[in-house]
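Take a look at the letters that make up each chain.
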Amino acid sequence: MDAQNNSLQEVENYMGNAVTQFQIISAAPDQTAQFYSSLFGWKISANNPLGYRQIDTGSKAGIQGGIWPAPPQAPAFVQIFVSVSDVKGAVEKAQALGAKVMIPPTMLPEGDEMAVMHDPQGMSFAVWKTAK
Amino acid sequence: MRSSPFRERLHQEFESRRSRNARYSLRAFATLLGTDHSSLSQIVRGSRRTPASQIRSWGRKLGMVPEEIAVYVATEHVPDEPTTKRQEQLRHWTAEGLALATNEIHWKMLCLVRSHRFRPDCRWIAKETASTVDQVNLALSRLLRLRLLEITRSGQWKDLTGGPLLEPEEFRRLALVRIRERAAEDGVKLNGRAKQ
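Residues numbered from 1 in each chain as written. Chains lettered and ligands numbered in written order. Predicted model: local features only at pLDDT ≥ 70, side-chain atom pairs only at ≥ 80, totals over all residues. Heavy atoms only, no water.

K.L.:
How would you summarise the packing of helix α4 (residues 52-61) of chain B against helix α5 (residues 66-77) of chain B if you had to cite specific residues and measurements?
P.N.:
When two helices pack together, their arrangement is given by the angle between their axes and by how far apart the axes lie. Residues and elements named next belong to chain B. Axis separation between α4 and α5 bottoms out at 9 Å; the angle between their running directions is 155 degrees. When the interaxial angle is binned, α4 and α5 end up roughly antiparallel. Regarding α4 and α5, the two cross each other, and that crossing is right-handed. Taking contact as the criterion, the partners of Ala52, Ile55, Arg56, Gly59 and Arg60 in α4 are, on α5, Ile69, Tyr72, Val73, Glu76 and His77. By residue class, the composition of the contact of α4 with α5 is five nonpolar, two polar and three charged. (Axes fitted to C-alpha atoms, helices over the stretch in contact; angles between N-to-C directions. Helix = DSSP H or I, 4+ residues; strand = E, 2+ residues; numbered from the N terminus. Parallel < 35°, antiparallel > 145°, perpendicular 65-115°, else oblique. Left-handed = near helix turned anticlockwise from the far one by under 90°. Contact = heavy atoms within 4.5 Å. Nonpolar A, V, L, I, M, F, W, Y, C, P; charged D, E, K, R; others polar.)

As structure tokens, this is what we get:
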């Protein structure tokens, strides 16, 4: 097991933990989608099991994103999604560093795995593992 | 003690005068400002707030421009950062509690999860619960955050309320207890008062 963990760590050390996605949290997701698609020509599609508004910026430079509804009273904000090879391990490490878990490791309908946390300064971010 | 930029400014002014004249006293500073030594001492120590009328009057006596005085008056009325944070958390948890208390979608989703017809597709859940996909996704996030629902590594949705399916009122009670527990972790007591 240790050998396997070491090996995963080596892969991550080599590949790094890239920010692979941004997510806009908005109390008015339709209006947000409308605004950014009008402004930048982003294509936004929610044709997936989560009904998740995926943003295609139309560019290979930079990252792609998504839009998620904000809970009542929450301000609009942007989250970053950081790619990890082991979501549970990343959550444990983040907790040891003072992060607070909002959504524990969760498998999404299309097989991606994610967890949402608050860093020690209260900023919300997610760790993410793409489905194979 | 609440931080006060005007108090800090008064302190700087006093120290600046004292650096030029070691015998300059707080009493002399109070006389300059047209107040008594005791009141000024309390304000400088932070045991008393500075009324807006005094900020205006003392600001003019210290040669501040009206815009600077206006900023100090305004900052005295803006809640400090810890207070703002507590208010935001209280607002957040109250809204979360209200959403759970007034919207049956959370309970309906758990009913569906237990059904043999269940499909892990938020669009399908939206149709079944006569809701929008956004309402389903908000409820999904909330159920996950409150550990009332789990999506396992095999992609299975699990109702974590345990035992037989709860009645709506029982579910509401359990969910609101979870809200209260999570709010308490943030230092918020959901009895109308934030923890000091």
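K.L.:
Could you give an account of the environment of Val87 of chain A, naming the residues involved and the relevant values?
P.N.:
Residue and element names in this part refer to chain A. Secondary-structure assignment places Val87 in helix α3 (residues 87-96). For Val87, a relative accessible area of 1% puts it in the buried group. Between the C-alpha atoms of Val87 and Glu113, which are 26 residues apart in sequence, the distance is 7.1 Å. Excluding anything up to four places from it in sequence, Val87 contacts Pro105, Glu113, Met114, Ala115, Val127, Trp128 and Lys129. (Buried < 20%, exposed > 50% of the residue type's maximum accessible area, 1.4 Å probe, protein only.)

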